[in-house]
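Fold and geometry: a report
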Amino acid sequence: MSASHPYAQPMLRDNALQGKTIVVTGGGTGLGRAMTTYFLQLGANVVISSRKLEVLEKTAEELRQQTGNQGVLAVQCDVRKYDEVEALLRKTVETFGRVDVLLNNAAGNFISPTERLSHKAFDVIVDIVLKGSYNCTLAFGKHWIAEKQPGTILNIVTTYASVGSAFVVPSAAAKAGVLALTRSLAVEWAKYGIRSNAIAPGPFPTEGAWSRLFPEPLASKLDPAASVPLKRVGNHQELANLAAYLVSDFSAYMNGEVVTLDGGEWLNGAGEFNKLELLTPDMWDHIEKTMRR
Ligand code: HXC
Ligand code: NAP
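Report follows, based on the coordinates. Keep in mind it's a predicted model, so treat the numbers as computed, not measured. (Residues numbered from 1 in each chain as written. Chains lettered and ligands numbered in written order. Predicted model: local features only at pLDDT ≥ 70, side-chain atom pairs only at ≥ 80, totals over all residues. Heavy atoms only, no water.)

1. Observations regarding the overall build of the protein chain
Our working definition: Only DSSP runs of H or I covering at least 4 residues are called helices, and only runs of E covering at least 2 are called strands; the numbering of each starts at the N terminus. Only protein chains enter the accessibility calculation, which uses a 1.4 Å probe; a residue whose area is less than 20% of its type maximum is buried, one above 50% is exposed, and one in between is partly exposed. The criterion used for residue contact is that any of the two residues' heavy atoms lie within 4.5 Å.
Along its length, the protein chain carries 10 helices and seven strands. Taking the principal axes of its C-alpha atoms as reference, the protein chain extends roughly 55 × 45 × 35 Å. Relative to its full complement of 293 residues, the protein chain shows a buried share of 52%. Contacts spanning at least 24 positions in sequence make up 78% of the contacts within the protein chain whose residues lie at least 6 apart.

2. Section: the sheet that holds strand β7 (residues 258–261)
Cut-off, in case you're wondering: For two strands to count as paired, DSSP must find a minimum of two bridges between them. With axes taken as lines fitted to C-alpha atoms, and helix axes fitted only over the stretch in contact, angles between N-to-C directions fall between 0 and 180 degrees.
Read from one edge to the other, the open sheet built from seven strands follows the order β3-β2-β1-β4-β5-β6-β7, with strand pairing classed as parallel. Each edge of the open sheet carries a strand with a single partner, namely β3 (72–76) and β7. The mean inter-strand angle of the sheet, taken between neighbouring strand axes irrespective of direction, is 20°. In terms of strand pairing, strand β4 (residues 101–104) meets strand β5 (residues 151–156) through four bridges, oriented parallel. The residue of β5 that forms the bridge with Leu103 is Leu154. Across the sheet, helix α2 (residues 53–67) lies against β2 (45–50) and β3, angled at about 175° from β3, the strand it touches most.

3. Regarding the site of ligand 1
Defined as follows: Proximity is defined per residue: any heavy atom of the residue falling within 4 Å of a molecule or strand makes that residue near it. The term polar contact refers here to a pair of N or O atoms within 3.5 Å; inside protein, the definition further demands a hydrogen-donor-capable atom paired with an acceptor-capable atom, and it admits residues adjacent in sequence only when both atoms are side-chain atoms. Only the protein chains shown count as cover for residues, with accessible areas throughout obtained via the Shrake-Rupley method and a probe of 1.4 Å.
Close to ligand 1 lie 21 residues; Arg51, Asn109, Ser118, Arg212 and Arg292 are nearest. A distance of 2.6 Å is found between an oxygen atom of ligand 1 and a side-chain nitrogen or oxygen belonging to Ser118. In the model, an oxygen atom of ligand 1 is placed 2.7 Å from a nitrogen or oxygen of the Arg212 side chain. When ligand 1 is considered free in solution it has 1,100 Å² of accessible area, and contact with the protein chains removes 70% of it. Secondary-structure elements contributing two or more residues to the shell around ligand 1 are α4 (119–147), α7 (207–213) and α10 (281–292). A per-element tally of the shell around ligand 1 places α4 first, with five residues.

4. Describing the pairing of β4
Using the following cut-off: Here a crossover is taken to be right-handed if, once the strands point away from the viewer, the path from the first strand over the helix to the second is traced clockwise.
Residues of β4 alternate between two faces, with Val101 and Leu103 on one and Leu102 and Asn104 on the opposite face, all of them buried. Both strand β1 (residues 21–25) and β4 contribute to a ladder of three bridges, which runs parallel. Bridge assignment links Ile22 to a residue of β4, and that residue is Val101. Handedness of the crossover joining β4 and β5 through α4: right-handed.

5. Observations regarding a nonpolar patch on the surface
Spelled out, the test is: For patches, a residue must show more than 30% relative accessible area and have no salt bridge; joins then use 9 Å for like charges and 5 Å for nonpolar side chains, namely Val, Leu, Ile, Met, Phe, Trp and Tyr. By definition, a salt bridge exists where a carboxyl oxygen of Asp or Glu is found within 4 Å of a side-chain nitrogen of Lys or Arg.
Nonpolar side chains collect at one region of the surface, where Val163, Trp266 and Leu267 lie side by side and expose about 290 Å² of accessible area between them. Relative to the assigned elements, Val163 resides in helix α5 (residues 160–163). We classify Val163 as partly exposed; its relative accessible area is 36%.

6. Topic: the site of ligand 2
The test is simple: Residue type decides the class: Asp, Glu, Lys and Arg count as charged, Ala, Val, Leu, Ile, Met, Phe, Trp, Tyr, Cys and Pro as nonpolar, and the leftover types, Gly among them, as polar.
Around ligand 2, a shell composed of 27 residues is seen, among which Thr29, Ser50, Arg51, Lys52 and Thr206 lie nearest. Note that an oxygen atom of ligand 2 is positioned 2.7 Å from one of the side-chain N or O atoms of Lys52. Gly202 is positioned such that a nitrogen or oxygen atom in its backbone is 3.5 Å from an oxygen atom of ligand 2. Relative to its free-state accessible area of 870 Å², ligand 2 is covered by the protein chains to the extent of 91%. Put simply, the parts of the chain that give the shell around ligand 2 at least two residues each are α1 (30–41) and α7. Per-element tally for the shell around ligand 2: the top contributor is α7, with three residues. Its residues assigned to classes, the shell around ligand 2 shows 13 nonpolar, nine polar and five charged.

Structure follows, in structure tokens:
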């Protein structure tokens with residue numbers, strides 16, 4: 001995939017996000033980092049948050065260097081804890097004077113036959129994805145309503161949020177909840193000037209997702225691009241371009257939408273991980289051992 005291809009190029013005009021403050025949960029790694037990079041290049045202030053402060057601070061420093069924008073702040077916050085989410089909001093407003101956008105991007109996931117899961121395994125995923133998203137949504141929404149200030153929410157879901165998928169059932173259930181949150185609040189909070197939209201990405205290689213969704217022996221046997229009609233995985237800039245549009249005022253009339261960005265993958269066979277039906281119990285034993293290590 002060539003870096004000069006149009007889909008690897010920035011899309012919006014310079015300074016398109018100047019004056020906006022954006023909070024990105026899970027912003028220190030993977031797709032959160034890619035979106036943050038582009039928001040900074042477009043002139044926004046960005047607060048990146050997750051559990052690992054060291055990772056966040058390293059990313060923040062690298063992005064200051066890379067983009068020349070000093071307006072990036074690292075704040076530790078476990079989205080499962082409402083008091084930490086409120087502290088994240090306070091710190092953002094103290095530092096930048098306001099907050100305009102909440103990007104619910106933090107997530108947890110692993111593949112497993114559902115009957116092998118304990119109830120705690122369900123909890124850990126649903127708590128990060130669904131509880132984490134509604135904790136942030138509630139805290140930021142209440143703030144915008146109290147301040148009589150407009151706000152924008154962007155939620156990162158998955159294509160299987162709409163259609164379900166075998167072998168990632170806690171994630172599918174939680175992302176479906178986030179999609180329902182997106183569509184419900186698009187109606188209920190529009191009167192406060194708060195828009196809610198979502199992106200459903202197909203496969204975009206990241207260390208976090210690939211290590212948990214394509215561990216060996218899957219990685220060497222299964223090509224994530226094979227089921228994509230366009231026969232390639234996504235480029236991070238493509239997602240960043242769409243996210244920047246959805247958090248910008250250019251998308252002011254878009255509300256309650258989930259935009260799929262997957263090269264046509266889900267239409268080619270809904271349920272991204274349904275194909276894991278082919279794995280034997282021995283292979284699942286091996287995968288579970290690898291992942292837990
Ligand atoms: C079965 C498992 C398991 C596995 C953990 N558990 N891993 N069960 N198979 N592979 C169970 C444990 O046994 C435990 O239950 C419970 O889950 C909680 O375990 P912890 O030890 O607390 O969790 P831990 O393994 O430390 O962390 C799991 C995690 C972690 C929180 C999900 O991997 C994480 O921090 N992930 C964040 C990043 C991430 O996942 N990124 C990928 C997003 S990708 P018991 O009963 O034993 O106590 C994504 C994309 C989707 O969402 C679409 C892609 C195309
Ligand atoms: P990633 O790098 O693993 O991102 C997940 C992030 O969530 C990490 O930065 C992690 O940081 C953070 N996080 C996890 N638990 C948290 C918690 N309790 N509180 C706060 N932050 C927490 O994976 P990714 O691929 O970039 O995924 C980003 C988003 O895209 C997710 O919503 C994922 O579901 C979605 N997605 C990805 C793909 C793909 O192909 N990559 C496809 C569809 C959807 P800490 O560990 O520091 O907390």
